[in-house]
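A look at the structure
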There are 4 protein chains.
Amino acid sequence: MSQRNIRVKATGESAVEDQDVEIVERKGIGHPDSICDGVAESVSRALAQEYLDRYGTVLHYNTDETQLVAGTAAPAFGGGEVLDPIYLLVVGRATKTYEGQRFPAESIALEAARDYLDETFPDLDVGKDVIVDVKLGEGSGDLQEVFGEEGTVPMANDTSYGVGHAPLTETEQIVLNTERSLNGQYGDENPAVGQDVKVMGKREGDHIDVTVAVAIIDHYVQDMADYRDVIEGVREHVTELAGEYTDRDVTVHVNTADDYEDGAIYLTTTGTSAEQGDDGSVGRGNRANGLITPNRPMSMEATSGKNPVNHIGKIYNLLSTEIAHSVAEQVEGIREVQVRLLSQIGQPIDNPHVADAQLVTEEGVSVGDVEREVEAAIDEELANITDVTKNVIEGKLSTF
Amino acid sequence: MSQRNIRVKATGESAVEDQDVEIVERKGIGHPDSICDGVAESVSRALAQEYLDRYGTVLHYNTDETQLVAGTAAPAFGGGEVLDPIYLLVVGRATKTYEGQRFPAESIALEAARDYLDETFPDLDVGKDVIVDVKLGEGSGDLQEVFGEEGTVPMANDTSYGVGHAPLTETEQIVLNTERSLNGQYGDENPAVGQDVKVMGKREGDHIDVTVAVAIIDHYVQDMADYRDVIEGVREHVTELAGEYTDRDVTVHVNTADDYEDGAIYLTTTGTSAEQGDDGSVGRGNRANGLITPNRPMSMEATSGKNPVNHIGKIYNLLSTEIAHSVAEQVEGIREVQVRLLSQIGQPIDNPHVADAQLVTEEGVSVGDVEREVEAAIDEELANITDVTKNVIEGKLSTF
Amino acid sequence: MSQRNIRVKATGESAVEDQDVEIVERKGIGHPDSICDGVAESVSRALAQEYLDRYGTVLHYNTDETQLVAGTAAPAFGGGEVLDPIYLLVVGRATKTYEGQRFPAESIALEAARDYLDETFPDLDVGKDVIVDVKLGEGSGDLQEVFGEEGTVPMANDTSYGVGHAPLTETEQIVLNTERSLNGQYGDENPAVGQDVKVMGKREGDHIDVTVAVAIIDHYVQDMADYRDVIEGVREHVTELAGEYTDRDVTVHVNTADDYEDGAIYLTTTGTSAEQGDDGSVGRGNRANGLITPNRPMSMEATSGKNPVNHIGKIYNLLSTEIAHSVAEQVEGIREVQVRLLSQIGQPIDNPHVADAQLVTEEGVSVGDVEREVEAAIDEELANITDVTKNVIEGKLSTF
Amino acid sequence: MSQRNIRVKATGESAVEDQDVEIVERKGIGHPDSICDGVAESVSRALAQEYLDRYGTVLHYNTDETQLVAGTAAPAFGGGEVLDPIYLLVVGRATKTYEGQRFPAESIALEAARDYLDETFPDLDVGKDVIVDVKLGEGSGDLQEVFGEEGTVPMANDTSYGVGHAPLTETEQIVLNTERSLNGQYGDENPAVGQDVKVMGKREGDHIDVTVAVAIIDHYVQDMADYRDVIEGVREHVTELAGEYTDRDVTVHVNTADDYEDGAIYLTTTGTSAEQGDDGSVGRGNRANGLITPNRPMSMEATSGKNPVNHIGKIYNLLSTEIAHSVAEQVEGIREVQVRLLSQIGQPIDNPHVADAQLVTEEGVSVGDVEREVEAAIDEELANITDVTKNVIEGKLSTF
């Protein structure tokens, strides 16, 4: 056993699954806030990768500030158009000179942002519908230093914390997988389904309401009947999908604000409400685990765009979620685990000030029964903390 | 008693004051994120007031997106200078035409933003150190409608929630009041103390560490000895202040990253790190109660800049805090109360889907003993919900 | 003969071909000012065409203001890179609502600008090396009216004038064709030759100096020897080309500011100096005939981007050049003709206040001998004035 | 007599004063193009002065690119308002690091631009009606070198030329002084007269039409009668003023596009058409002598904002005008003189490749009679060429 300060205890609360009311939300990848998260994280990955390729190490940068200003659009059955482009301002800091050589931080950021939009939004014409602007300054002098030696664990440069939990409740699973499916296989097969999907799950006792707002893409629907078919298709699909995760009673609502008589429906040209009226920015939507969970402690940290080598808030939020899942999967007898990591300035990040796990155990299992196993699982994940950095840079870990 | 759905129950957790580890943070008004919060809220107030003055009602707008791109500065003992101005982009939506008349939303926003900066930052030369840009689009057509009839309670247009708690723990009080004092009377008397004050409180058992990072303004310090005097002054002041709120053992740390030998100190020309290297945006810092409290449930909602007439997230976050304070003050026997309000789409906002209060009572007091009083206090606050709107517009309620 | 006020007379000056000193300049299509001209004119054509397609008529717009802010680049033998993208701001006015329907002026402008850059600059990666921003406002209310009835001649809405001359002197021909060849067939065959070609011709008596500054594209040159080969190739090509237009003594200078010893050469990554240090804007470079000719009267008018339906300055500058060429080609005995058109507010544009032609005739020919023919040629061109508009929209008439 | 290459000869043309048709134009200081000229030149002066103050020498910079994007306004009798602010982008190059010290080029530019607007436009509320943005890059590496030694004459770094003439014709004097008076004493006494004054003079034979377009400021006119009084006052004033410069027949037209019946008048809130619909940029309006004179050779050079130490185009345009005036004043018997200066790369700028003066002499005077005197006057001015730089920096020489 390591010397790490790991604490395991029971939570005083009941498991979220047992609470009376549970609310869960996910803003899909096409929501204006998520667009900003996605752009910021893409820019971050591109910079990190290029620093690695050129210098063998990731230099200082932080690109966790992207501002989206909505455009104006005139959607129409059969295909409308964007009138005023969306404006996207990528903001942050990056090291622009290293060992006397200039580094093309702004060009890389511009390209990464455009490429991300291009790949993610098939009905957004990036050359016509979006203005991508970039303002990347340089950091404070002393922050431009290279991060540590290769292979060593960086030091925490701030007091920060991360929080994660596992396993997901039924409602959380439904919300998360609804969005993933609509933006995954179901979306591929039904191109009318836009990327701006917002899912809210509300469970009261044993009834779950799943409310889905999905931007329908005008090009693929010829009239109101088509539109209603698409909506009904989504409703059926989500209902079926929810059944895979729960035996509770589920009601699915899709685009409830629609008013067919007035013709007020959620029709878009590009698949995102950013085309008309909805601004966005980084860190305002999903937490690092992809959800907004008011029933759980959440970190304020804007994870997307942060430097994954030494930004302790980013690393600890991602890692605490990883740890929670490891514990929940490896250790038997656990109904729910919440992990918090608190950093200690000036100490290696694999050695947090405290790592605490709060457990809800299954009936008949005491915290004492599983304490050692939980500690061991946490300890092992902390020992491999630099994997988080690696996985983030390689795009294997989502941040929103 | 009203028909409102108010629930009162005991929390399962121990009071935060009794938990082993407590972390509390406040970003002062000069922190780049808070600058954005402050600008967004100023712009919001100015728009609301002008809509009221012209039309007798507040029209649709939302200005909860301000992006700050840091400048570059060369601070120096006795007075340095800003090299590249800070860039501030005010973003949002506003009704620009009403009853055939154009409304000067952008000019109002520009002026409000500049005025706020001018009043808040005595050492920031707004005409030279800041570029203020504005991009206010119009909202979706149907959202431009006027909000309700005068004197009626608006309907909730979204499923959202707010959360608040009271009373503040000792650590919370210390953190909040440290910043307020440094940016208040102490700051007035000690002009070297800049507005960018960041306070973190960490309590472990009965020991509280208060870590203060304060931007010192170069114009008022002639040399390193002066600087050290200022820092020592702050340390003593905060230590004394903390003693007013706790009998626990308190250690105060000020500008711990300073390295006097290397000359690496926290010196600024304008009093904010936005002058060099720190970007910011709305909703990334303090919650509506002015604090970041990982030990408590928090809402992700960016409160600043939102329309206070119908933005249910803003109203409920502010109101739940108000309610918690009312309960804690009015009802005897309560150690801690946490209030959550969940909205119900299409219903008047004074009639939430559920208002729940979780209590930690004093020894010898049961929830049943105080339930009725708590319900009554909540009910009364809900009945006066439109006061929140009024107080926000008049600047009487802070949002960050 | 029409009633048009056409005056023909002898000029008092000697023919430019006979003057002691003659200076002629052309900024190639890759010069930052020309980039702006080209973008502005592309945007203009795209708007005009789309108005025609949608409404059968060209609505009010003016896009004669594009600002280019240079980027930063690190060219290198074998291929360098752009560090900070070029920033291009397309500015102007356009009708955005017509008969209750919104017109996508900004999206069209954005796409036209990007497409132009993409087609014109093979080594500029538009998605990575350029930020294209657009700010198109609406015009004054009364200017948004549709221009005239189909098939009628618009009225002049301003007092303006245009000036043109023909035939080109030898020096003018050499300068014009040098750039066209380097940006034409020679450039196609020699991809190392960038689009930013600046040609200055200076004739003193019978000696012509042709000074060419050409941005060499780093990707195609591996070392200094390669570079020198490219330069020598250009020198030989231009020398040969000049011989086609003159029997005078010609000296060609290419990239005279190069210093091979210091390694200070004109190497670029994208083929334009806009990548590093040279800003640009519309109307600052070539006149409507493609040249800058200090020996001749020139109009200050920024022709590119102006509305070709009713902008009298644009039309008259293009038309006066067309007329001069017609006269010079059709009427025998003319060595040089300069045409000026002065508009008359409120009158049809085919009926200028005055159209005057100043002639230098060949020896033995008097103005009286050719006066009628010249008048007839001018009259005919004026009668077909709406062809100018048509040819501009179709891209058949260059404006810079 | 010096070794300078000065040539004096007769012009082949008749004096402009004798030509049939003469056109002269001046865009007043409030015209959008002139606003840009004024801002660019203010920024230039501020930078030059600060370089001098800090380093004793002017470093490389060029700020000859300012782009104005018009705002939107709702003028109204008694006082209207700006709805969307004017956007002004100051663009250029400046040395930002010298001898290891950073130079605050952008902050200086921002302040100079704002101050200029503030001082020049009493009814423009710079904090509310204008967004001033700045993008100043650094120049090419080798251009950042300091210009020459103190007291020495810089070398020409380009082949460029300048052209000037004197004395002004009657029409030129009327046009120039009309604008100066309206923006001078008359404007001071009649605050309803805005700064955006555009004056066009057209002389045909002995009749001069002076057409004045003047932006009237709404705050000072209560109704249409007031407005008409202001217009009539201007008409009378200009008519009287014109009488001081000519005995010819003069007709003055003011705001001819007004239509009192439709209420279509030239009313503004700020005194400039930049508030609504008219964009602008540097170098698109007046030449260095303050006029646009199609009857004369003009240089395309955008003089405002250029570096006055070594930008040969700026210096030669200003100096050639100075020389022409010296010659016209000092040498008797001259009706008109036009001076052209052509630079010689690599040679001191006081030693142009050629300085030629073309004369129209008074009856009875031959060019030979005055040749020596003209040469001497030119020679003396060239010897004092560095005074131009000094006077520009001190704001004694206007550039537009």
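An unreviewed UniProt entry annotates chain A as S-adenosylmethionine synthase of Halapricum salinum. UniProt, in its Function (unreviewed entry) section for chain A, records the words "Catalyzes the formation of S-adenosylmethionine from methionine and ATP."

1. Notes on the sheet that holds strand β17 (residues 354-361) of chain B
Residue and element names in this part refer to chain B. Ordered by their spatial adjacency, four strands build an open sheet running β1-β17-β16-β10, and the pairing between neighbours is mixed. The outermost strands of the open sheet, each flanked by one partner alone, are β1 (6-10) and β10 (161-166). On average, adjacent strands in this sheet sit at an angle of 15 degrees to one another, irrespective of strand direction. As defined by bridge partners, strand β16 (residues 334-342) adjoins β17 across eight bridges and the pair is classed as antiparallel. Bridge pairing in β17 places Leu342 opposite Val354. Against the sheet, helix α7 (residues 312-330) contacts β10 and β16, and its axis sits at roughly 25 degrees relative to β10.

2. Comments concerning the sheet that holds strand β9 (residues 130-137) of chain A
Residues and elements named next belong to chain A. Taken in spatial order, the four strands line up as β9-β6-β3-β15 in an open sheet, and their pairing is mixed. Every interior strand has two partners, whereas the edge strands, β9 and β15 (280-281), have only one. The pairing of strand β3 (residues 61-69) with strand β6 (residues 86-94) spans seven bridges and is classified as antiparallel. Note that in β6 the partner of Leu68 across the bridge is Leu88. In the packing of helix α2 (residues 105-120) onto the sheet, contacts are made with β6 and β9, and the angle to β9 comes to roughly 145 degrees.

3. Description of the relation of the copies chain D and chain B
With an RMSD of 0.0 Å, chain D superimposes on chain B once it is rotated by 180 degrees and translated 0.0 Å along the axis. Each copy turns onto its partner about a two-fold axis. Comparing interface residues between copies, 100% of those in chain D also lie at the interface in chain B; the contact surface is shared.

4. A short note on helix α2 (residues 105-120) of chain C
Residue and element names in this part refer to chain C. The terminal C-alpha atoms of α2, which comprises 16 residues, lie 22 Å apart, in line with the 22 Å expected from a rise of 1.5 Å per residue. For α2, the buried fraction is high: 12 of the 16 residues fall into the buried class. All of the buried residues along α2 are Ala105, Glu106, Ser107, Ile108, Ala109, Leu110, Ala112, Ala113, Arg114, Tyr116, Leu117 and Thr120.

5. Re helix α7 (residues 312-330) of chain D
With 19 residues, α7(D) extends 26 Å from end C-alpha to end C-alpha; this agrees with the ideal 27 Å at 1.5 Å per step. Buried residues dominate α7(D), accounting for 14 of its 19 residues.

6. Considering the nonpolar core
Membership of the largest hydrophobic core comes to 91 residues, with the highest contact counts inside it found for A:Val39, A:Leu47, A:Leu117, B:Val39, B:Leu47 and B:Leu117. Residue contacts for A:Leu47: discarding those within four places in its chain leaves A:Tyr61, A:Thr63, A:Ala94, A:Phe103, A:Ala105 and A:Ile108. Formed by 90 residues, the second largest nonpolar core is a distinct cluster that contains C:Leu136, C:Ala302, D:Val132 and D:Phe400.

7. Points about the interface of chain D and chain B
Across the contact, 27 residues belong to chain D and 27 residues belong to chain B. Summing the contributions of chain D and of chain B, the shared interface buries around 2,100 Å²; its carbon and sulfur component is 50%. The interface formed by chain D and chain B includes four salt bridges. Salt-bridge contacts for D:Arg54 lead to B:Glu81; the nearest nitrogen and oxygen are separated by 2.5 Å. Where chain D meets chain B, there are eight residue pairs in polar contact (both at pLDDT 80 or more). At the level of secondary structure, the elements contributing two or more residues to the side of chain D that touches chain B comprise β5 (81-84), α2 (105-120), α3 (126-129) and β9 (130-137) of chain D. Ranked by the residues each element gives to the side of chain D that touches chain B, the list is headed by α2(D), at six residues.

So, how was this worked out
- Residues numbered from 1 in each chain as written.
- Chains lettered and ligands numbered in written order.
- Predicted model: local features only at pLDDT ≥ 70, side-chain atom pairs only at ≥ 80, totals over all residues.
- Heavy atoms only, no water.
- UniProt positions renumbered as here; feature names shortened; annotations may be inferred.
- Pairing = 2+ DSSP bridges.
- Helix = DSSP H or I, 4+ residues; strand = E, 2+ residues; numbered from the N terminus.
- Axes fitted to C-alpha atoms, helices over the stretch in contact; angles between N-to-C directions.
- Contact = heavy atoms within 4.5 Å.
- Least-squares fit on C-alpha atoms with pLDDT ≥ 70 in both.
- Expected span 1.5 Å × (residues − 1).
- Buried < 20%, exposed > 50% of the residue type's maximum accessible area, 1.4 Å probe, protein only.
- Core = buried A, V, L, I, M, F, W, Y, C linked by side-chain atoms within 4.5 Å.
- Buried area = accessible area lost by both parts, 1.4 Å probe.
- Salt bridge = Lys/Arg side-chain N within 4 Å of Asp/Glu carboxyl O.
- Polar contact = N/O pair within 3.5 Å; in protein donor to acceptor, adjacent residues only side chain to side chain.

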